[in-house]
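Single-letter residue listing:
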Amino acid sequence: MRFDVMTLFPELINNIVSTSILGRAIQNEIISVYSHDIREHTLDKHRKVDDTPYGGGMGMVMSAAPIYNCFNSLYDKEKEDKPHLIYMSPKGKVLTQEKAKKLSKLPELVILCGHYEGVDQRIIDEIVDEAVNLYNDLKQKAAHPEGNKKAYYNGLTKAMFEKLDELSEKLSTVVAEA
């Protein structure tokens, strides 16, 4: 199975997938993971990827053009079907073992990692097949002790790594079954 990860931080993806269960799956050619820097698909010299939300609103979102250009660089529209694209978002549906099994049946999966306040709504409307939430229970695992920000962030970091380990285990189980 091939995974393409579109992100502003490809070095983080490369570091995560090169170790542990995912690293072994890649070495054994069970899966392949490619990270793609969205900034490389901007059209301006400053490699700007943020913008105000289309239609107004608060905060900044990831611009539509660089994401769209990055996604289109991943496949040949005339020869290949559009790969399934999931957007990692706290607004998405929680990733379950059942959902992971369904996704494992796909030949290719493109993962869009959001940043800022999210991505331009036009991207969600045009190319995203579904939004997935990995972070739903992280808040519960890292309860905010009133006034102790350091403990909160340490707990949150620990919970994130636990979630990554859990995801790696789910993925290896699903890949082994495929």
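Up top is the structure these notes are about.
Because the structure is a prediction, the values reported are computed rather than measured. (Residues numbered from 1 in each chain as written. Predicted model: local features only at pLDDT ≥ 70, side-chain atom pairs only at ≥ 80, totals over all residues. Heavy atoms only, no water.)

Colleague: Break down the overall build of the protein for me, citing the residues and quoting the values.
Modeller: If you tally the helices and strands in the protein, you get 7 helices and 7 strands. Along the chain direction, N to C, the helices and strands of the protein fall in the order β-α-α-β-β-β-α-β-α-β-α-β-α-α. The 178 residues of the protein split such that 38% are buried. A fraction of 74% describes how many contacts in the protein between residues 6 or more apart in sequence connect residues 24 or more apart. (Helix = DSSP H or I, 4+ residues; strand = E, 2+ residues; numbered from the N terminus. Buried < 20%, exposed > 50% of the residue type's maximum accessible area, 1.4 Å probe, protein only. Contact = heavy atoms within 4.5 Å.)

Colleague: Residues and numbers for the pairing of strand β5 (residues 84-94), please.
Modeller: In the sheet, β5 pairs with strand β6 (residues 108-113) via 5 bridges, with the strands oriented parallel. Bridging from a neighbouring strand, Tyr87 pairs with Leu112 of β6. Viewed along the sheet, the connection from β5 through helix α4 (residues 97-104) into β6 turns out right-handed. Pairing of β5 with strand β7 (residues 130-133) involves 5 bridges; the strand directions are parallel. From the neighbouring strand, Ile86 faces β7, where its bridge partner is Glu130. (Pairing = 2+ DSSP bridges. Right-handed = clockwise from strand over helix to strand, strands pointing away.)

Colleague: Explain the environment of Leu109 to me, and be specific about the residues and the numbers.
Modeller: The topology assignment puts Leu109 in strand β6. Of the residues examined, Leu109 reaches a relative accessible area of 3% and is grouped as buried. Considering only alpha carbons, one finds Leu109 and His84, 25 residues apart in sequence, at a separation of 5.3 Å. Among all residues touching Leu109, those that are not within four sequence positions of it are Met1, Arg2, Phe3, Asp4, His84, Ile86 and Leu103.

Colleague: How would you summarise helix α2 (residues 20-27) if you had to cite specific residues and measurements?
Modeller: Every buried residue of α2 is accounted for by Leu22, Gly23 and Ala25. Angular distribution of buried residues about the axis of α2 spans 160 degrees; they occupy a single face of the element. Just past α2, the residue Glu29 takes up positive phi, approximately 55 degrees. (Arc of directions from axis to C-beta.)

Colleague: Can you break down the sheet that holds β6 residue by residue, with the values?
Modeller: Ordered by their spatial adjacency, 5 strands build an open sheet running β2-β1-β6-β5-β7, and the pairing between neighbours is parallel. Of all strands in the sheet, those bounded by a partner on one side alone are β2 (32-37) and β7. Averaged over all pairs of adjacent strands, the angle between strand axes in this sheet comes to 35 degrees, irrespective of strand direction. Taken strand by strand, helix α3 (residues 64-72) contacts β1 (2-7), β2, β5 and β6, and its axis lies near 160 degrees from that of β1. (Axes fitted to C-alpha atoms, helices over the stretch in contact; angles between N-to-C directions.)

Colleague: I'd love a proper account of the nonpolar core, names of residues and values included.
Modeller: Met6, Ile38, Ile67, Phe71, Leu85, Leu112 and Ile123 are the most contacted members of the largest nonpolar core, which has 19 residues in total. Looking at this core, the elements with two or more residues in it are α3, β5 and β6. Looking at which element gives the most residues to this core, the answer is α3, with 4 residues. Judged by nonpolar contacts, the second largest core, of 18 residues, contains Val17, Val33, Ile86 and Leu134. (Core = buried A, V, L, I, M, F, W, Y, C linked by side-chain atoms within 4.5 Å.)

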